[in-house]
Amino acid sequence: MGRWLLACSGMVAGAVILGGVTRLTESGLSMVDWHLVKEMKPPSTKEEWEAEFHKYQQFPEFKILNHDMTLNEFKFIWYMEYSHRMWGRAVGLAYILPAVYFWRKGWFTRGMKGRVLGLCGFVCFQGLLGWYMVKSGLEEKPESYDVPRVSQYRLASHLGSALVLYCASLWTGLSLLLPRQKFIETSHLLKLRKFAHWTTGLVFLTALSGAFVAGLDAGLVYNSFPKMGERWIPDDLLAFSPTLKNVFENPTTVQFDHRILGISSVVAITGLYFYARKIPLPRRARLAVNSLIAVAYLQVTLGISTLLLYVPTSLAATHQSGSLALLSMALWLMSELRRLPK
């Protein structure tokens, strides 16, 4: 069961990465309908493709952004979104079918039954949330002259729920597979454990803030580092009114916040690393600490490179994948530092 949940978490990670690539290639609004079974069969004839293309032409993205798109170009973005949706369905089956089998075999404890029901329910909710997100990019907005895109709030909700599902699956899988380490419960160890929990929360928040960066294309403003343009704090940081609106809707503020959260995560992980060196840890826990700091510095390098190079798709996708890798290392460390049951 532990291996099954780790495999499920891997498939969720694949869905997050594929979703990121779909967003980066601006493919997410190419499929304008949502049918659980009907859309599983892609168009196969020229007439079917032309009919699908005609449906896409009725929506704002084509009218405003892609009015000169050819049928072959449409096929590329359509297949990107199709792949993401089909992968999402595969994720659902990977959770639900083995869960039914294990349940019938009587392998679940009472506690595991609750967890598994929650995970399976969350997978279904995630699919519905994905379509709710896509709908926001298909709506006509006569008062707006901006490029059609999905709501950054719904995008963040979709990514956030996927991250919660990933973390819950990975944590449960690690809990089943890795025996708890024996520690002498000292005050230093208690502080390290709390430090690890808070650091993981910060990493999660940083990854979630990336959804607002992606949703507003905030990576395309101020492509310099460490300053934003010629200033440490840009002039338009609080350009919107009321002030709180800037945090979620001003691309400059969204990028600034993501920078601060990313730097704070690296600083916290560095502090965690040096604090952990003072404590005698088992080999696996020490390996988790070392892996965490290595991935953290790789991730910040990818983030800065993505910004300076004006967000190339391949590098941006790698940076998004790095956020999952960093979150995984943080969860692994938390798992290694778990208390022994009394």
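Just so it is clear, the structure is predicted and the values come from calculations on it, not from any experiment. (Residues numbered from 1 in each chain as written. Predicted model: local features only at pLDDT ≥ 70, side-chain atom pairs only at ≥ 80, totals over all residues. Heavy atoms only, no water.)

Explain the UniProt feature "transmembrane region" (unreviewed entry) in the protein residue by residue, including any values.
The UniProt record marks residues 86–104, 116–134, 154–178, 198–222, 258–275, 287–311 and 317–334 with the feature "transmembrane region" (unreviewed entry), using the residue numbering of this structure. Here residues 198–222 is 72% helix and 0% strand, with 30 Å between the C-alpha atoms at its ends. (UniProt positions renumbered as here; feature names shortened; annotations may be inferred. Helix = DSSP H or I, 4+ residues; strand = E, 2+ residues; numbered from the N terminus.)

Describe unusual backbone geometry, with residues and values.
For the peptide bond that leads from Phe225 to Pro226, omega is 10 degrees, which places it in the cis range. Here Pro226 is to be found in the loop between helix H7 (187–215) and helix H8 (245–249). Between Ser241 and Pro242 the backbone carries a cis peptide bond, its omega angle lying at 0 degrees. On the secondary structure map, Pro242 appears in the loop between H7 and H8. One non-glycine residue, Tyr222, lies in positive phi territory at about 50 degrees. By the element assignment, Tyr222 lies in the loop between H7 and H8. The class of Tyr222 is partly exposed, set by a relative accessible area of 26%. (Buried < 20%, exposed > 50% of the residue type's maximum accessible area, 1.4 Å probe, protein only.)

Account for the side chain of Ser209, with residues named and values stated.
Structurally, Ser209 can be placed in helix H7. Looking at Ser209, the relative accessible area reads 11%, which means it is buried. Those residues in contact with Ser209 that sit more than four places away from it in its chain are His258 and Leu261. (Contact = heavy atoms within 4.5 Å.)

Could you give an account of helix H1 (residues 2–24), with specific residues and numbers?
If you check H1, its first and last C-alpha atoms are 33 Å apart, about what 23 residues at 1.5 Å a residue would give, namely 33 Å. Downstream of H1 by one or two residues, Glu26 has phi in the positive range, about 55 degrees. (Expected span 1.5 Å × (residues − 1).)

Explain the nonpolar core residue by residue, including any values.
Trp4, Tyr95, Leu192, Leu281, Leu292, Leu333 and Leu337 are the most contacted members of the largest nonpolar core, which has 55 residues in total. At the level of secondary structure, the elements contributing two or more residues to this core comprise H1, helix H4 (71–105), helix H5 (110–138), helix H6 (152–177), H7, helix H9 (251–276), helix H10 (283–308) and helix H11 (313–336). A total of 9 residues in this core trace back to one element, the largest contributor, which is H11. Setting aside anything within four residues of it in sequence, one finds Tyr95 in contact with Trp4, Cys8, Ser9, Val12, Leu119, Cys120, Val123, Leu165 and Ser169. (Core = buried A, V, L, I, M, F, W, Y, C linked by side-chain atoms within 4.5 Å.)

Break down the packing of aromatic side chains for me, citing the residues and quoting the values.
For the structure shown, the criterion picks out 23 aromatic pairs. Ring centres of Phe53 and Tyr56 lie 6.5 Å apart, and the angle between their planes is 20 degrees; on these two criteria the pair is classed as stacked. Of the two residues, Phe53 and Tyr56 both sit in helix H2 (residues 46–56), 3 residues apart, roughly one turn of that helix. Taking the relative accessible area as the measure of exposure, Phe53 reaches 10% and is therefore buried. Taking the relative accessible area as the measure of exposure, Tyr56 reaches 1% and is therefore buried. Connected via pairs of aromatic rings, a cluster forms that spans Trp49, Phe53, Tyr56, Phe62, Phe74, Trp78, Tyr79 and Tyr82. Cation over ring: Arg154 sits above Tyr132, and NZ or CZ is 3.7 Å from the ring centre. (Phe/Tyr/Trp six-rings, centres within 6.5 Å; stacked < 30°, edge-to-face > 60°. Lys NZ or Arg CZ within 6 Å of the ring centre and 35° of its normal.)

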